[in-house]
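So the chains spell out like this:
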Amino acid sequence: MLFTERGFDNTSVEEIAAAAGIARRTVFRYCGSKTDLVWGDFATGLDAMARQLDATDPDVAVTQAIRLAVVDFNRLPPEQVPLHRQRMTLILRVPTLLANSTLHFAQWRQVVAEFAARRMDVPPHGLLPRTIAHCALGAAVAAYECWLDDPAADLAVLLDEALRELASGFAERGQLR
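All of the points below concern the structure found in this document. (Residues numbered from 1 in each chain as written. Predicted model: local features only at pLDDT ≥ 70, side-chain atom pairs only at ≥ 80, totals over all residues. Heavy atoms only, no water.)

This part takes up the side chain of asparagine 100. Mapped onto the elements, asparagine 100 comes out in helix 8 (residues 95-120). Judged by relative accessible area, which is 14%, asparagine 100 ranks as buried. The contact partners of asparagine 100, leaving out residues within four places of it in the chain, are Thr35 and Trp39. (Helix = DSSP H or I, 4+ residues; strand = E, 2+ residues; numbered from the N terminus. Buried < 20%, exposed > 50% of the residue type's maximum accessible area, 1.4 Å probe, protein only. Contact = heavy atoms within 4.5 Å.)

Another point: the nonpolar core. Judged by nonpolar contacts, the single largest core of 42 residues is most densely connected at Met49, Leu53, Ile66, Val70 and Trp108. Considering each element in turn, this core owes the most residues, 10 residues, to helix 9 (residues 127-149). When near neighbours in sequence (up to four residues on either side) are disregarded, methionine 49 contacts Ala69, Val70, Phe73, Trp108, Val111 and Val112. (Core = buried A, V, L, I, M, F, W, Y, C linked by side-chain atoms within 4.5 Å.)

Moving on, we get to the pattern of salt bridges. On inspection of all chains with the given rule, the structure shows five salt bridges. For arginine 67, the salt bridge is made with aspartate 160, and the minimal N-O distance between the two is 2.6 Å. Remark: aspartate 160 occurs in helix 10 (residues 155-168) and arginine 67 occurs in helix 6 (residues 62-73); sequence separation between them is 93 residues. Of the residues examined, arginine 67 reaches a relative accessible area of 8% and is grouped as buried. In this structure aspartate 160 comes out as partly exposed when scored by relative accessible area, which is 21%. The salt bridge partner of arginine 164 is aspartate 160, with a shortest N-O separation of 2.7 Å. Of the two residues, arginine 164 and aspartate 160 are both situated in helix 10; the distance of four residues between them amounts to about one turn of the helix. A relative accessible area of 46% means that arginine 164 is categorised as partly exposed. (Salt bridge = Lys/Arg side-chain N within 4 Å of Asp/Glu carboxyl O.)

Moving on: helix 9. The terminal C-alpha atoms of helix 9 lie 33 Å apart, and with 23 residues this matches the ideal 33 Å at 1.5 Å per residue to within 8%. Turning to helix 9, its buried residues are Pro129, Ile132, Ala133, Ala136, Leu137, Ala139, Ala140, Ala143, Tyr144, Trp147 and Leu148. The secondary structure elements touched by the buried residues of helix 9 are helix 6, helix 7 (81-93), helix 8 and helix 10. (Expected span 1.5 Å × (residues − 1).)

Below you can see the structure in the form of structure tokens.
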């Protein structure tokens with residue numbers, strides 16, 4: 001991956017196009033910007049997560065449904081894990097990409113907030129759905145940061161654990177009382 005070798009900011013779209021054997025204009029037919037190249041087909045995954053949330057049995061708690069959907073959203077075949085680790089290292093540790101991430105994170109939070117709002121029969125722009133979405137994203141990002149710090153870690157396990165802790169309100173953590 002050119003971004004890993006040369007750095008995101010030091011890699012031009014022309015270099016990307018040449019490495020792919022396509023014209024510069026073709027790159028922009030597939031992606032709106034250089035930053036979108038790193039995110040890949042995020043929208044399709046997000047749509048799948050929204051459908052999974054919508055299909056969740058109404059008897060399943062909101063936080064459990066979100067946990068299951070987030071873990072599934074981030075589940076990858078083993079052969080794709082090294083590339084995903086490279087992508088997420090760039091996304092979470094390159095300032096340009098981290099700044100751009102706010103747009104993707106806002107879309108992610110919107111999916112979660114809309115689901116929570118429907119389940120609680122409140123407006124999605126209300127405080128509680130927004131809080132749930134922000135907290136779920138924070139837990140997911142924390143899990144990703146731990147995963148990036150530990151090459152032996154299992155992302156699905158970390159996400160599951162972080163979102164379980166969040167759902168429990170950190171109840172088992174006596175020091176937080």
